[in-house]
Amino acid sequence: MSQLNKIMYHIFQITYKSYTIELGLYWGIMLGFRTFEADEYYNQKEIQLYVPFIYTAFVKKLQDY
């Protein structure tokens, strides 16, 4: 099991068409957000929001990238 799986835990994940919303817990105290843009290896856009011990991710999968 990877180290990331020991740090983060998914509470739930909702998927509708090409959109996904995730809510989870993590071990740490962060406040802020980060984004991931699609490229040739990762075919989705992602925004992650962090407050202490809770994260939310909004993901849009791109079909023809």
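Calculation criteria
Residues numbered from 1 in each chain as written. Predicted model: local features only at pLDDT ≥ 70, side-chain atom pairs only at ≥ 80, totals over all residues. Heavy atoms only, no water. Phe/Tyr/Trp six-rings, centres within 6.5 Å; stacked < 30°, edge-to-face > 60°. Helix = DSSP H or I, 4+ residues; strand = E, 2+ residues; numbered from the N terminus. Buried < 20%, exposed > 50% of the residue type's maximum accessible area, 1.4 Å probe, protein only. Pairing = 2+ DSSP bridges. Axes fitted to C-alpha atoms, helices over the stretch in contact; angles between N-to-C directions. Contact = heavy atoms within 4.5 Å. Polar contact = N/O pair within 3.5 Å; in protein donor to acceptor, adjacent residues only side chain to side chain.

Chemist: Go over the packing of aromatic side chains, please, and point to the residues and values.
Modeler: For the structure on display, the rule yields three aromatic pairs. Measuring from centroid to centroid gives 5.3 Å for Tyr26 and Tyr50, while their planes differ by 85°, and the two rings are edge-to-face. Of this pair, Tyr26 sits in strand β2 (residues 19-26) while Tyr50 is found in strand β4 (residues 44-51), placing the two residues 24 residues apart along the sequence. A relative accessible area of 6% means that Tyr26 is categorised as buried. Consider the rings of Tyr50 and Tyr55, whose centres lie 6.1 Å apart with planes at 35°: the pair is tilted. Comparing Tyr50 with Tyr55 shows no difference in burial state: the two are buried. Ring-pair connections join several aromatic residues into one group, and the members of that group are Tyr26, Tyr50 and Tyr55.

Chemist: Before we move on, could you go through the sheet that holds strand β5 (residues 54-61) and cite the residues and values that matter?
Modeler: Taken in spatial order, the five strands make up an open sheet running β1-β2-β5-β4-β3, and their pairing is antiparallel. Bordering the open sheet on either side are β1 (8-16) and β3 (32-36), each of which pairs with just one other strand. Neighbour-to-neighbour, the strand axes of this sheet turn through a mean angle of 15°, independent of strand direction. Pairing of β2 with β5, which is carried by seven bridges, proceeds in the antiparallel orientation. By the bridge assignment, Leu23 is partnered in β5 with Thr56.

Chemist: I'd like to hear about the environment of Tyr26, residue by residue, with values.
Modeler: Counting along the chain gives 19 residues from Tyr26 to Ile7, while the straight-line C-alpha distance between them is 5.4 Å. Aside from chain neighbours lying at most four places away, what touches Tyr26 is Ile7, Met8, Tyr50, Val51, Pro52, Phe53, Ile54 and Tyr55. Reaching out from Tyr26, the side chain makes a polar contact with the backbone oxygen of Val51 at a distance of 2.9 Å.

Chemist: Help me get a handle on the side chain of Glu46, residues and values and all.
Modeler: Locating Glu46 in the fold gives a position in strand β4. A polar contact is formed between the side chain of Glu46 and the side chain of Tyr42, at a distance of 2.4 Å. Other than its neighbours up to four places away in sequence, Glu46 contacts Arg34, Thr35, Phe36, Ala57, Phe58 and Val59.

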